[in-house]
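Each chain is listed here by its residues.
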Amino acid sequence: MLSILLLAGTFLIVGTTAFHPQEFSSPTMSSSAEIRGELLKLIGENTNPDETVKSAFATKLKEYAAAGGESNDVLFAIGKTVYGAELDQPPAKKAKAAPADELPVVDFDYMKAFMKDVFLSYGVTPENAEVCADVLIESDKRGIDSHGLGRLKPIYCDRMDNGILFPDKPIDIVSESETTALVDGNLGLGLYIGPHCMQMAIDKAKKHGVGFVAVRNSTHYGIAGYYATMASSQGCVGLTGTNARPSIAPTFGVEPMLGTNPLTFGIPSTDEWPFVIDCATSVNQRGKIERYAREGLDTPRGAVIDDQGIERTDTEGILRDMVLGKCALTPVGGAGDKMGGYKGYGWATTVELLCTAFQSGPWGEDICGLDRATGKPKPMPLGHFFLAIDIEKLCPLDTFKKNSGEFLKALRESRKAPNGPGRIWTAGEPENDARVQRTEQGGMKVNVPLQKNMAALRESRPGLKEKYAKFPFES
């Protein structure tokens, strides 16, 4: 008999045979990745852990921390809430967290060059490595720290190490017309597949008014707003979306079926920044729930629903039940239909359809990232879509920008809530604020976990130790 667990957005399907602590490998011979796999195995094989298993988990969790495990890994929250395992002392090699105003600032150009060199070390072509690094650094410039440097190692490098995405695969055109194309990414890096396909859509729009490109067999493509901005900066309205691992339950359902599927628009205006709305179709994400646990806060009602249909707010219980596959995220609007949850459900479904129907692409458990039989990582062949509309084919670009700019300005200048911050933003403006602030400070702040990731990549990737003997944040 098999058990289906949900861990950090991934289905983990394992047997129910009890796990024996002596099956753990020796800590002196295990990397952090191997130890993490052993912890996952322990979770999967012991859904009702006894004291022996809890003790074994605590011991292995300490070994994982000492081996350089990510300090923000969900396993630490699971260890505390499910297994009662808390580290008695700071893990080895773990630096004390510095206040935000004390974190080192690293120049954007330096950081982009480092990320490009990391991609080159995996065999990504120079042209594609430049594009991949640009997508990531753009996220950091916009203040979207979750999708920039923070994704380099755990999402892209680790998955290349595991052989579930590939550094240098061709982009094949499956079918094409003057205004459309279906493209196969062959499980290459979505960070270069995405820009290539958005530019295809823009080029078609410039010739024929509209361009639409559907993509299959791609992988995580970074911030969707990058692609919408590509279109808006070239005089087009841009639209893009991607599916993802199952996390969201349908309205009136309790099973994770949909990804956090963003639906993203980019529209040019006379503002210094484009109107770009880039957000998930779920109320919340797991990372925020883990943060609530660290801060001792309840999860907002309506963001999570369990398998009994109860809207949960007990953060630690939610984390526990996510491990057991008993909780799911809710779509924008929340659980049920009282606050319009069916709207977010509909949008998430729209994205899923546009990412799978043209492509005959997989969805749900087939893109969960874990092999059912073995529990080992497996490829996650994602679908994307890109739409561009050339504004000049309908009206002068300056007229369009003037019209959109006047409306957006009117929104920002409308009457403010007396108990609010005294300001109204429009989409894309917060990201522009972050860009201005970070440019003025000389770059991006790099926290301790990211410093550790950079150091680990320097040690493990050929050529990096010589070129980056000393990082700017190292004394």
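Residues numbered from 1 in each chain as written. Predicted model: local features only at pLDDT ≥ 70, side-chain atom pairs only at ≥ 80, totals over all residues. Heavy atoms only, no water.

## As for the pattern of salt bridges
Pairs may arise between side chains of opposite charge once their charged atoms sit close together. For the structure on display, the rule yields 23 salt bridges. The residue E176 makes a salt bridge to K204 at a minimum N-O spacing of 2.8 Å. Here K204 lies in helix α7 (residues 190–208) and E176 lies in strand β4 (residues 172–176), a separation of 28 residues in the sequence. A relative accessible area of 47% places E176 in the partly exposed class. What makes K204 buried here is its relative accessible area of 9%. With a shortest N-O distance of 2.9 Å, R412 and D271 are connected by a salt bridge. Taken as a pair, R412 in helix α12 (residues 397–412) and D271 in the loop between β8 (263–267) and β9 (275–277) lie far apart in primary sequence, 141 residues in all. (Salt bridge = Lys/Arg side-chain N within 4 Å of Asp/Glu carboxyl O. Helix = DSSP H or I, 4+ residues; strand = E, 2+ residues; numbered from the N terminus. Buried < 20%, exposed > 50% of the residue type's maximum accessible area, 1.4 Å probe, protein only.)

## Regarding the packing of aromatic side chains
Think of a pair of aromatic rings as described by two things: how far the centres are apart, and how the planes are tilted against each other in angle. The full count for this structure, using the stated rule, is 11 aromatic pairs. Plain terms: the ring middles of F114 and Y468 are 5.2 Å apart, the flat faces sit at 90° to each other, and that makes the pair edge-to-face. Residue F114 is located in helix α4 (residues 108–121), and its partner Y468 is located in the segment after α15 (464–467); the two are separated by 354 residues in the primary sequence. Relative accessible area serves as the criterion here: at 0%, F114 is assigned to the buried category. A cation sits over an aromatic face here: K141 above F108, 5.7 Å from the ring centre. Across from the ring centre of F166, 5.0 Å away, lies the NZ or CZ of K169, which sits over that ring. (Phe/Tyr/Trp six-rings, centres within 6.5 Å; stacked < 30°, edge-to-face > 60°. Lys NZ or Arg CZ within 6 Å of the ring centre and 35° of its normal.)

Distances and angles like these do not, on their own, reveal function.
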